[in-house]
Each structure stands twice: as structure tokens, then as C-alpha cells.
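# Inside the fold
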Amino acid sequence: MKSSEKGPRKGRLRTKMVRRLSGSLALLFALTTLGLVYVALSPTPQTAVAADVSAEQVAAGAQLYANSCITCHGSNLQGVEDRGPSLIGTGQAATYFQVSTGRMPLADHGAQAPRKEPFFNPEEVDQLAAYVQANGGGPVVPDGELQNTDALALGGEMYRLNCASCHNFTGQGGALSQGKYAPNLDPATDEQIYSAMLSGPENMPKFSDGQITPEEKTAIIAFIQNNKQSIDPGGAPLGGFGPAPEGLIAFVVGMSAIVAFTLWMGSRA
């Protein structure tokens, strides 16, 4: 009786082991396949690539800095009290934005430095930025194409979420508190918009690549630059605030004309 039961029991144990082994192999095959599919479909990460900087550029920037910036920002970029902030950690992006837009050197101490004709030529701007980057470190504007024209919809969405509250929906700027303002974006170049997002000049917040990815930044720039080419639907921009002011003016003018015509008709009766 005992010997006859050993045969079926051994068979069941063997079948159970075969099932477990085949299940493990199937699970391993499924996980491997899933990993390969994930690797194949994952987007290639974007890496910001800074422009090459030579020792000659840094040396020339040091000379420019000593002649024009050292009084306010100190001999070691550490800043001077009541004159200018520290430039340590602000990086090439902040220097490029401030100098290329003419905001620096500062004309006077007002609530906000206005955009004006740049004091330095483009080569000198790059030299100054290279010097600050080499000695203070910080964010760098990547080299290459800064507009992603294939992502205008994404750029519009990101612009409305992060920029429109200050620069308004058409990029014409707007007033802020304490005499400050968000400037008109019309004169801004791709590099200046990108560097502003990285450095956060004046009241503007900084947007690291963790908050807004490089892809989203280039989409925002494409949307802003594309907006400049848009034709005003009403024929007159009226401050670039959209159809609301145009509709209000049309209403006021139209109602005034109706009232005037009614009064004229009453006087003739």
C-alpha cells in the first residue's frame, strides 16, 4: 500500500516544481521585456550645454569688471553695502541679462533699472559674463537653439501659468508694487528671456530646470516670440490688454453717440 502511494506523490511534486520554475521564467521574461520597452520609449534627457569659454575671455572680462563694476560689486564679486549686490552664484545668465539689456552699469538708483542701450558691445558682454561665471559660478544659458517652435501650445500653457500674471497675456508688461513693473517683452531676445528665467531679475522669480525644464523654457520663448508677430484683431493694441479695453471703448463711444443723437432728436421735436 505504501509503495503504491509513492509513485503519484512523486509525480505531483515534480509537476509542482515544474509549474514554479516555468512561472518564475515567465515572470523574468515579462520583467525583462518591460524594461527593454521602457528603455526604448523613454525620451532622451535634455542636457544644457554651456558655450565654450577661453582664458582670454575671462582675462578680458576681468579688465572690464575692474574698470566698470568693481565699485559697486567689490573686488571679489562679494558686493558693496548700499551700492550693489553680491554676484557670487548669480552666474553667466544674470550677467548676460543685466549687461546685454543695458540695465547695467546702473544709470541711477531708482525703484527698478530700466532697459536702455547697452554700454558694452556683444563681445564685451560675453567677456564680462565669462569672468563672473569663472569666479562666482551659477546658472549658464545653454548654447544652441533656444526656441522650440514645435511646442507652441505647451509654451502658451506654461506662459499663462508662470508669466502672464505680471507680463500680461500679450507680453506687454504691467505695473507691480513699490514703483516696480514687469517690462514689455517685445525687445527681448531668446537669450535674454532664457537668462531672465534662470536668474530672476528684479521681482521676477527664478525658474530652475527642476521647476521648468529646458524643453518647457524653449517652448515659452517660442510662444513669446510668436506672439510678437500676431496681428491685433481689433486693429489697435490699446496697451495689449486684449479685447476687453477695445470692447469697453466701443461701448462708451457707441453709447455716447446714441445719447447725443437722442438729445439732438429731442431738441428738434
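Being a predicted model, the structure only gives us computed values, none of them experimental.

Looking at the protein chain, pLDDT values average 86 and 86% of them are 70 or higher. The low-confidence segment residues 45-50 (pLDDT under 50) makes 8 contacts with residues lying over four places distant or belonging to another chain.

It is worth spelling out the nonpolar core at this point. One finds Y159 and I220 to be the most contacted residues of the largest nonpolar core, which totals 19 residues. Within the residue set of this core, elements represented by two or more residues are α6 (152-162), α8 (190-199) and α9 (214-228). In this structure, L64, L87, F120 and V132 belong to the second largest nonpolar core, which totals 14 residues.

Another aspect to go through is the UniProt feature "binding site: heme c 1" (unreviewed entry) in the protein chain. Within this numbering scheme, the UniProt entry marks C69, C72 and H73 as carrying the feature "binding site: heme c 1" (unreviewed entry). Among the secondary structure elements, C72 is positioned in helix α3 (residues 70-73). Taking the relative accessible area as the measure of exposure, C72 reaches 29% and is therefore partly exposed. Non-local contacts of C72, meaning those with residues more than four positions away in its chain, are made with G79, V80, R83 and G84. Along the chain, the position of H73 falls in helix α3. H73 sits in the buried class, given a relative accessible area of 12%. Setting aside residues no more than four positions away along its own chain, H73 makes contact with Y65, Q78, G79, V80, G84, P85 and L87.

Now for the side chain of T218. Following the sequence through the fold, T218 ends up in helix α9. Its relative accessible area of 11% is what places T218 among the buried residues. For T218, the side chain forms a polar contact with the main-chain oxygen of E215, separated by 2.8 Å. Leaving out residues up to four positions away in the same chain, T218 has contacts with E145, L146, Q147, N148 and Y194.

Interhelical geometry of helix α2 (residues 55-68) versus helix α5 (residues 122-136) gives an angle of 95 degrees and a closest axis separation of 7 Å. If you check the angle between α2 and α5, you find them roughly perpendicular. Residue-level contacts link Q57, V58, A60, G61, A62, L64 and Y65 of α2 to E124, D126, Q127, L128, A130, Y131 and A134 of α5. Across the contact of α2 with α5, the residue classes tally to 9 nonpolar, 3 polar and 2 charged.

Turning to the packing of aromatic side chains, a few remarks are in order. Within the structure shown, the criterion is met by 4 aromatic pairs. Taken together, a centroid distance of 5.2 Å and an interplanar angle of 40 degrees make the contact between Y65 and Y131 tilted. Of this pair, Y65 sits in helix α2 while Y131 sits in helix α5, and the two are 66 residues apart along the sequence. There is no split in this pair, since Y65 and Y131 are both buried.

A few words now on the packing of α8 against α9. Helices that pack against each other are described as a pair by the angle of their axes relative to one another and the distance between those axes. Interhelical geometry of α8 versus α9 gives an angle of 130 degrees and a closest axis separation of 10 Å. By the criterion of interaxial angle, the relationship of α8 to α9 is oblique. Handedness of the crossing formed by α8 with α9: right-handed. The segment α8 lies against α9, with D190, I193, Y194, M197 and L198 engaging P214, K217, T218, I220, I221, I224 and Q225.

This part is about the state of the cysteines. Disulfide: a covalent bond formed between the sulfur atoms of two cysteine residues. Following the criterion strictly, the structure yields 0 disulfides and no others. Left unpaired, C69 is separated from the closest cysteine sulfur, that of C72, by 8.5 Å. Among the residues examined, C69 registers a relative accessible area of 15% and is labelled buried. The thiol sulfur of C166 is not disulfide-bonded, and the nearest other cysteine sulfur, from C163, lies at 8.8 Å.

Before going further, it helps to spend a moment on unusual backbone geometry. Of note, the bond from M104 into P105 is cis; its omega dihedral lies within 30 degrees of zero at 0 degrees. Along the polypeptide, P105 turns up in the loop between α4 (91-100) and α5. The backbone of Q178 sits at a positive phi, close to 55 degrees, despite the residue not being glycine. By the element assignment, Q178 lies in the loop between β1 (174-175) and β2 (181-182). The backbone of E202 sits at a positive phi, close to 55 degrees, despite the residue not being glycine. Among the structural elements, E202 can be located in the loop between α8 and α9.

What counts as what
Residue indices follow the written sequence of each chain, beginning from 1 at its first position. Owing to the predicted nature of the model, reporting of local features is limited to residues with pLDDT of at least 70; listing and counting of side-chain atom pairs is limited to 80 or more, with chain, interface and lining totals taken over all residues. The side-chain figures draw on all heavy atoms in the structure; neither hydrogens nor water molecules are used. Values of pLDDT, which run from 0 to 100, indicate the predictor's confidence residue by residue. By definition in these notes, contact holds between two residues if any of their heavy atoms fall within 4.5 Å. Residue types Ala, Val, Leu, Ile, Met, Phe, Trp, Tyr and Cys, when buried and joined through side-chain atoms within 4.5 Å, form a set referred to as a nonpolar core. The buried label applies to any residue whose accessible area, calculated with a 1.4 Å probe on protein chains only, is under 20% of its type's maximum; exposed applies above 50%, and partly exposed to all values in between. A run of H or I in DSSP counts as a helix once it spans at least four residues, and a run of E counts as a strand once it spans at least two, with each numbered from the N terminus. UniProt positions are given in the numbering used here, feature names are shortened, and annotations may be inferred rather than shown by experiment. Whenever a nitrogen or oxygen atom comes within 3.5 Å of another N or O atom, the pair is scored as a polar contact, on the condition that within protein one atom can donate a hydrogen and the other can accept it, and that pairs from neighbouring residues in sequence are kept only if both atoms are in side chains. What counts as an axis is a line fitted to C-alpha atoms, over the stretch in contact for a helix, and the angles between N-to-C directions run from 0 to 180 degrees. What sets the label is the angle itself: under 35 degrees gives roughly parallel, over 145 gives roughly antiparallel, 65 to 115 gives roughly perpendicular, and the rest give oblique. Any residue that is not Ala, Val, Leu, Ile, Met, Phe, Trp, Tyr, Cys, Pro, Asp, Glu, Lys or Arg is counted as polar, Gly included; the first ten are nonpolar and the last four charged. Note on aromatic pairs: the rings of Phe, Tyr and Trp (six-membered ring only in Trp) are paired at centre separations within 6.5 Å, and the planes decide the class, stacked below 30 degrees, edge-to-face beyond 60, tilted for the rest. A clockwise turn of the near helix away from the far one marks a right-handed crossing, whereas an anticlockwise turn of less than a right angle marks a left-handed crossing. When two cysteine sulfur atoms are found within 2.5 Å, that pair is recorded as a disulfide.

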